[in-house]
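# Descriptive structure summary
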Amino acid sequence: MNILVTGGAGFIGSNFLLLSVPRRTDHTFINVDALTYAANLKNLVAIEGRPNYVFERADIADADAVMALFDKYGPELVVHFAAESHVDRSIKGPRAFLRANVEGTYNLLEACRATWSPGHGLFHHVSTDEVFGSLGPTGYFTEQTPYDPSSPYSASKAASDHLVRAWIRTFGLRAKITNCSNNYGPFQFPEKLIPLMIANLLERKPLPVYGKGENVRSWLYVTDHCEAIWAVIENGRPGETYNIGGGNELRNIDVIHQLIRIVAEETGAERAELERLITYVTDRPGHDLRYAIDATKIRTELGWVPKESFETGLRKTVRWYLANKAWSDEVRSGEYRTWIEQNYGAR
Ligand code: NAD
Ligand code: DAU
């Protein structure tokens, strides 16, 4: 079977391909990625040259390019990761998010509709818990929680989820949606909280904490997310949504304290020196207070449970960034650097 994976050069897509291509040699994986600032083909050196892996540079917002890929490869499964993914960027410039996340998803859905007869093919839509908006101090997001997105990013992802559901109901598309909590792990672009803090700790730069650092996120190691996606692809019910989360609900400031402890242990740095880098900065506009996932459905229906605890996953992640400083330095140079200077100034 040909499997079209969009956004396979990004953080989660790379981890998905690195996990899947060597193990599932009866399938050919076509990685379709526009190679935005967030992509890095070097993530994929371990699978480059494998007979069941192909890379195609294409923008999913280009309908003709998408259709040409469907004509060329006739995929029976689409795993759709490609998106503009960073909330802060969506606040500075929402348009790119509408283009990639809404128009891009629309083009893929239309290509599936044009290609697959009813009941054939499967579109797996990778989405986020941010579509549900913010929780107060208690409660959890279930699959029934109403959508209430706060940022341009989450609104664009909510729109894409709605499009997928509309194509399921109106056109009989075979599709499944997963809404996952915050991921962390190898190859994550150092604009997101955990890799940014690791990079700054290693360079003894300030650790910018938004507001009071009391916002809560629920953390999942990236390969646990990838395994959950496979569980849903293989055994989830078509037309259904599954929430994915690892339960590790932590205030941002507590994540940073844990990172400081692990970086100190792994590098021999003095913990107090690292703690002094914590710098409280202006809060993110529309900053969601708390995310927490109720993963009962995926656990009870499909038997999926995460393998990594936050402690083991975070230590693995710190070790990966320590061993791959060159990767981190490279992605933080060039276009990303310019953007950071323009948008974040001296922070
Ligand atoms: P990322 O920003 O690291 O990677 C996104 C990838 O998509 C990049 O390789 C980029 O080049 C590609 N891309 C962007 N626009 C494109 C376009 N128009 N055409 C083709 N390719 C394009 O993102 P990520 O963190 O790996 O997230 C992947 C998916 O998972 C996204 O849909 C995101 O909404 C979702 N998600 C992410 C998290 C998280 O914590 N990172 C959690 C839940 C869900
Ligand atoms: O919940 C899933 C979502 O998680 C995904 O859909 C998004 O693609 C992904 O980017 C992530 O969104 P967040 O906004 O939660 O992630 P981010 O790493 O940007 O921020 C995590 C928390 O840390 C958030 O409360 C904001 C805070 N933060 C972030 C940065 C970058 C800081 O305090 N300082 C920072 O410098």
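Our structure's up above, just so we're on the same page.
Now for a description of the structure that goes with this document. (Residues numbered from 1 in each chain as written. Chains lettered and ligands numbered in written order. Predicted model: local features only at pLDDT ≥ 70, side-chain atom pairs only at ≥ 80, totals over all residues. Heavy atoms only, no water.)

### Focus: empty space enclosed by the protein
Just so we agree on the cut-off: We place a 1 Å grid over just the protein atoms. Points where a 1.4 Å probe fits but has no way out form a cavity, open points with protein on both sides within 12 Å along at least 5 of 7 lines form a pocket, and any residue with an atom within 4 Å of a point lines it. Grid points are joined across faces, edges and corners, and a volume is the space filled by probe spheres set on the points. Going along the chain from the N terminus, every DSSP run of H or I of four or more residues is numbered as a helix, and every run of E of two or more is numbered as a strand. Gly is placed with the polar residues, together with every amino acid not listed as nonpolar (Ala, Val, Leu, Ile, Met, Phe, Trp, Tyr, Cys and Pro) or charged (Asp, Glu, Lys and Arg).
Applying the stated criterion across every chain yields a total of 2 cavities of 30 Å³ or more. Taken as a whole, the largest cavity spans an internal volume of roughly 60 Å³. What lines the largest cavity is simply Val87, Ile91, Glu130, Ser150, Ser151, Arg217, Arg284, Pro285, Gly286, His287, Asp288 and Tyr291. Approximately 50 Å³ is the volume found for the second largest cavity. In this structure, the second largest cavity is lined by Ile198, Ala199, Leu202, Glu203, Tyr321, Lys325, Ser328 and Arg332. Sorting the residues of the lining of the second largest cavity by element identifies helix H6 (193-202) and helix H12 (325-331) as the ones contributing at least two each. Looking at the lining of the second largest cavity, the element that brings in the most residues is H6, giving 3 residues. Considered class by class, the residues forming the lining of the second largest cavity number 4 nonpolar, 1 polar and 3 charged.

### Things to note about the nonpolar core
Using the following cut-off: Take the buried residues of types Ala, Val, Leu, Ile, Met, Phe, Trp, Tyr and Cys, join any two whose side-chain atoms come within 4.5 Å, and each joined set is a nonpolar core. In this scheme, a residue with accessible area under 20% of its type's maximum is buried, one over 50% is exposed, and one in between is partly exposed, where area comes from a 1.4 Å probe on protein chains only. Only heavy atoms matter for contacts: two residues are in contact if any of them lie within 4.5 Å across the pair.
Core analysis: the biggest nonpolar cluster contains 69 residues, and Val79, Ile194, Leu259 and Ile298 have the highest contact counts within it. Not counting residues up to four positions away in its chain, the partners in contact with isoleucine 194 are Tyr184, Trp219, Val255, Leu259, Phe310, Leu314 and Thr317. Formed by 23 residues, the second largest nonpolar core is a distinct cluster that contains Ile30, Ile60, Trp116 and Leu173.

### Points about the sheet that holds strand E7 (residues 182-184)
For clarity, the threshold we go by: A strand pair is defined by DSSP finding two or more bridges across the two strands. Angles run from 0 to 180 degrees between N-to-C directions of axes, and those axes are lines fitted to C-alpha atoms, restricted for helices to the stretch in contact.
Pairing is mixed in the open sheet, where 3 strands are placed in the order E7-E9-E11. In the strand order of this sheet, the two ends are held by E7 and strand E11 (248-251), each with one partner. Adjacent strand axes in the sheet meet at a mean angle of 45° when their direction is disregarded. Where strand E9 (residues 216-221) and E11 come together, 4 bridges link them in antiparallel fashion. Note that in E11 the partner of tryptophan 219 across the bridge is asparagine 248. Its contacts with the sheet put helix H7 (residues 222-235) on E7 and E9, and the angle it makes with E9 is roughly 75°.

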